[in-house]
Amino acid sequence: MAGKPKLHYFNGRGRMESIRWLLAAAGVEFEEKFIETREDWDRIRKDGSLMYQQVPMVEIDGMKLVQTRAIINYIANKHNLYGKDMKERALIDMYVEGVADLNEMTIVFPVHPPGVKETKLSEIKDKAKNRYFPAFEKVLKSHGQDYLVGNKLSKADILLVELLYNVEELNPGATASFPLLQALKPEGITDREVQEGASSPFSSWAVGLHLIKSRTLPTDIVNCSSKIQILSR
Amino acid sequence: MAGKPKLHYFNGRGRMESIRWLLAAAGVEFEEKFIETREDWDRIRKDGSLMYQQVPMVEIDGMKLVQTRAIINYIANKHNLYGKDMKERALIDMYVEGVADLNEMTIVFPVHPPGVKETKLSEIKDKAKNRYFPAFEKVLKSHGQDYLVGNKLSKADILLVELLYNVEELDPSAIASFPQLQALKTRISNLPTVKKFLQPGSQRKPPTDEKTIEEAKKMFM
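Rules and cut-offs
Residues numbered from 1 in each chain as written. Chains lettered and ligands numbered in written order. Predicted model: local features only at pLDDT ≥ 70, side-chain atom pairs only at ≥ 80, totals over all residues. Heavy atoms only, no water. UniProt positions renumbered as here; feature names shortened; annotations may be inferred. Phe/Tyr/Trp six-rings, centres within 6.5 Å; stacked < 30°, edge-to-face > 60°. Helix = DSSP H or I, 4+ residues; strand = E, 2+ residues; numbered from the N terminus. Buried < 20%, exposed > 50% of the residue type's maximum accessible area, 1.4 Å probe, protein only. Pairing = 2+ DSSP bridges. Axes fitted to C-alpha atoms, helices over the stretch in contact; angles between N-to-C directions.

Labelled according to an unreviewed UniProt entry, chain B appears under the name glutathione transferase, originating from Oryctolagus cuniculus. UniProt annotates chain B under Sequence similarities (unreviewed entry) with the comment "Belongs to the GST superfamily. Alpha family."

Chain A is annotated in an unreviewed UniProt entry as Glutathione S-transferase of Oryctolagus cuniculus. Recorded in UniProt under Catalytic activity (unreviewed entry), the annotation for chain A is "RX + glutathione = an S-substituted glutathione + a halide anion + H(+)". Taken directly from UniProt, the Sequence similarities (unreviewed entry) text for chain A runs: "Belongs to the GST superfamily. Alpha family."

This is the structure in structure tokens:
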């Protein structure tokens, strides 16, 4: 039943990107079949692969899973990224749902017409700064551990870090007053730590460099090369 | 770590109703603390109970959980309503997420101004009839069992039946051409716990009317 998971989506971030992050962070190689033409789109909707005629769809372990959360939860379950018991799962879900609410705004952001974009950008900045980032900073501060839940990597850490990157692309400096959030990200690694092989939350992920390399470009043009350089050291 | 779960929300359906359905179906007694005044709302947001200053919030087993899905998943896990293994969980999640997408439309429906309501109602009817109901009918037909997944009650059955009731309130003949869904609705409604919940005097909330919306708006403005 093995074989790599196969991701069906458009060649862009959208709702598939969080799934890509999760698979990459878990060290799982995956294939992608891009929907590029009208014919592709018609075909995949007619062949019965899509339960609700929507993508993302991921072929994995003999299933054709749709719905982002269903896919994410399956991957998290399979790769031990969902905590050790019911209560840890509850905290992880609570954090991931908050991340998803803010991430939703960044996903749909490129679609807005120019006049609306300004308002939406202010909203994202405000919600990040006043609602979501303080909440996650507070969690990390409360226990002082490297990960959000149970002193162990979970989908919550991975998806939060994805969110931080997404928000910073729209608002550089968004995490400036959140030191613990900054420490979760790759840039939290100093040169010295890399040389000394010191562990940080990110360096202990299975595939740090693979993660960044397999990451698709933002929907508008952004220069990712500086991040890739940092992790290539 | 006993004590009944305590639900913090407005006195109406909204995003808490699915949680009420799930607890009720699982046979779990719960308390409710309604947010009724501006002072209530200010107080609960200031006392640190709400991770994102939002409700629903449920006090359960020593936690103050927010985010509907986190709460629903915890209850489902705790009361064996989440399948027996990873793959069953995946199917259950896939079905519940589809239910949630359509249910979302029924939750926000009462808030729309009259002109918009007509369009939104058509959308709900269309999506129910052409996308969601056929999908679930197909699942039930494919295995012929009494429940959506693993021949056992799960959150998927409960939340789908809640959805069927919600859509029928807006469109009475919505499941007329879906015999499997009708049968599921009957079976689940006849479970003793659900039957009790469907009777008058239970904690099930009535459909949200315009008056409730107006009063809620006053609280926030």
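Right, let's get into the packing of aromatic side chains. Tallied over the full model, the rule gives 14 aromatic pairs over all chains. Look at W21 of chain B and F197 of chain B: their rings are 5.4 Å apart centre to centre, the planes differ by 75°, and that puts the pair in the edge-to-face class. Here W21 of chain B, found in helix α1 (residues 17–25), pairs with F197 of chain B, found in helix α8 (residues 192–198); they are 176 residues apart in sequence, far enough to count as distant. Here W21 of chain B and F197 of chain B have matching classes, each one buried. Their ring planes at 85° and their centres at 5.7 Å tell us that F133 of chain B and F178 of chain B sit as a pair that is edge-to-face. One end of the pair, F133 of chain B, is in helix α5 (residues 114–143); the other, F178 of chain B, is in the loop between α6 (155–170) and α7 (179–189), with 45 residues separating them in the sequence. Residue classification places F133 of chain B among the buried residues on the basis of a relative accessible area of 0%. Aromatic ring contacts, followed pair by pair, group Y95, Y132 and F136 of chain A together with Y52 of chain B into a single cluster.

Further remarks concern the sheet that holds strand β4 (residues 63–66) of chain A. Paired through their backbone hydrogen bonds, the strands of a sheet run either parallel or antiparallel. All names here are of chain A. Strand order in this open sheet of 4 strands is β2-β1-β3-β4, and the pairing throughout is mixed. What marks the edges here is a single partner per strand, and that holds for β2 (31–34) and β4. With strand direction ignored, the average angle separating the axes of adjacent strands in the sheet is 20°. In terms of strand pairing, strand β1 (residues 6–9) meets strand β3 (residues 57–60) through 3 bridges, oriented antiparallel. Residue pairing across strands places L7 opposite V58, the latter belonging to β3.

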